[in-house]
Amino acid sequence: MWRELIEQHTSQARFASPATEEALYRTEETLGHLLPDDLVKLLGETDGVVDANGYNLVFSAEQLLQGNLEMRTYPALKRLYMAFDQLLFFSDAPGDGNLFAYALVPEGRPDIFVWDHRTDNRRCVAQSLEHFVESWLTGHIQL
């Protein structure tokens, strides 16, 4: 489903082999929470997606794990920003340092937020992962 959705909007996306169940389990176990169902399904089809310009439309399971661990534990980030424990980062904005994330509280919330690294603002930009993917690929994400 996810590959087909992406390919409807671009023929230049790069897909990876599916993430293994072990990689997804390790990510959830290490981060201490379940991954959203739609993200698990996407990673089960392709372990990350890179757009035509080389940006991560969706991180691989390993990038997701390492990036979120860094955001949650890096001392300099803890001094500069509000805590990131309630966000699950899964994508980066082209060229500007902002990141896209799920809000983990309340649990099961499907909305996608953009985190602005300059202001620490966290703003909803899509109502679901599907809406985010389509909006990114059609240029309708508002940063």
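An unreviewed UniProt entry lists the protein chain under the name SMI1/KNR4 family protein, with Actinomadura rugatobispora given as the organism.

Caption draft 1: The sheet that holds strand β4 (residues 87-92), seen in detail. The antiparallel open sheet is built from four strands, whose spatial order is β4-β5-β6-β7. Of all strands in the sheet, those bounded by a partner on one side alone are β4 and β7 (122-126). Looking at each pair of strands side by side, their axes are set apart by 40° on average, direction ignored. Two strands pair when backbone bridges link them, and strand β5 (residues 99-103) and strand β6 (residues 112-115) are joined in this way by four bridges, in the antiparallel orientation. For F100, the partnering residue across the bridge sits in β6 and is V114. Packing against the sheet, helix α6 (residues 129-137) makes contact with β4, β5, β6 and β7, and its axis sits at approximately 25° to β4.

Caption draft 2: Just the packing of aromatic side chains, in detail. In this structure the tally under the stated criterion is 10 aromatic pairs. Their ring planes at 65° and their centres at 5.9 Å tell us that F100 and W136 sit as a pair that is edge-to-face. Of this pair, F100 sits in strand β5 while W136 sits in helix α6, and the two are 36 residues apart along the sequence. For the pair F100 and W136, a shared accessibility class is recorded, and that class is buried.

Caption draft 3: Molecular detail of the nonpolar core. L39, L57, F90, F100, L129, F132 and V133 are the most contacted members of the largest nonpolar core, which has 43 residues in total. Counting residues per element, this core draws most heavily on α6, at five residues. With sequence-adjacent residues up to four places away left out, F132 is seen in contact with L57, F90, S91, F100, I112, A126 and I141.

Caption draft 4: Structural detail: the packing of helix α1 (residues 2-9) against helix α3 (residues 37-45). The contact between α1 and α3 brings their axes to 9 Å, and the two run at 80°. Taken together, the axes of α1 and α3 are roughly perpendicular relative to one another. Across the interface between the two elements, W2, R3 and E4 from α1 touch D38, K41, L42 and E45 from α3. Of the residues belonging to the contact of α1 with α3, the class tally is two nonpolar, no polar and five charged.

Caption draft 5: Representation of the UniProt feature "domain: Knr4/Smi1-like" (unreviewed entry) in the protein chain in the model. The residues that UniProt annotates with the feature "domain: Knr4/Smi1-like" (unreviewed entry) are residues 18-135. In this annotation, residues 18-135 is assigned 39% helix and 21% strand; the end-to-end C-alpha distance for the span is 23 Å.

Caption draft 6: Local environment of the layout of surface pockets. Each pocket or cavity is described by its volume, and for the largest pocket that value is around 290 Å³. What lines the largest pocket is a set of 14 residues, and nearest its centre among them are L34, L35, P36, E107 and G108. For the lining of the largest pocket, the secondary-structure elements that each account for two or more residues are α3 and β5. Across the lining of the largest pocket, the residue classes break down as eight nonpolar, two polar and four charged.

The rules behind these values
Residues numbered from 1 in each chain as written. Predicted model: local features only at pLDDT ≥ 70, side-chain atom pairs only at ≥ 80, totals over all residues. Heavy atoms only, no water. Pairing = 2+ DSSP bridges. Helix = DSSP H or I, 4+ residues; strand = E, 2+ residues; numbered from the N terminus. Axes fitted to C-alpha atoms, helices over the stretch in contact; angles between N-to-C directions. Contact = heavy atoms within 4.5 Å. Phe/Tyr/Trp six-rings, centres within 6.5 Å; stacked < 30°, edge-to-face > 60°. Buried < 20%, exposed > 50% of the residue type's maximum accessible area, 1.4 Å probe, protein only. Core = buried A, V, L, I, M, F, W, Y, C linked by side-chain atoms within 4.5 Å. Parallel < 35°, antiparallel > 145°, perpendicular 65-115°, else oblique. Nonpolar A, V, L, I, M, F, W, Y, C, P; charged D, E, K, R; others polar. UniProt positions renumbered as here; feature names shortened; annotations may be inferred. 1 Å grid on protein atoms, 1.4 Å probe; cavity = no way out; pocket = protein on both sides within 12 Å on 5 of 7 lines; lining within 4 Å. Points joined across faces, edges and corners; volume = space filled by probe spheres on them.

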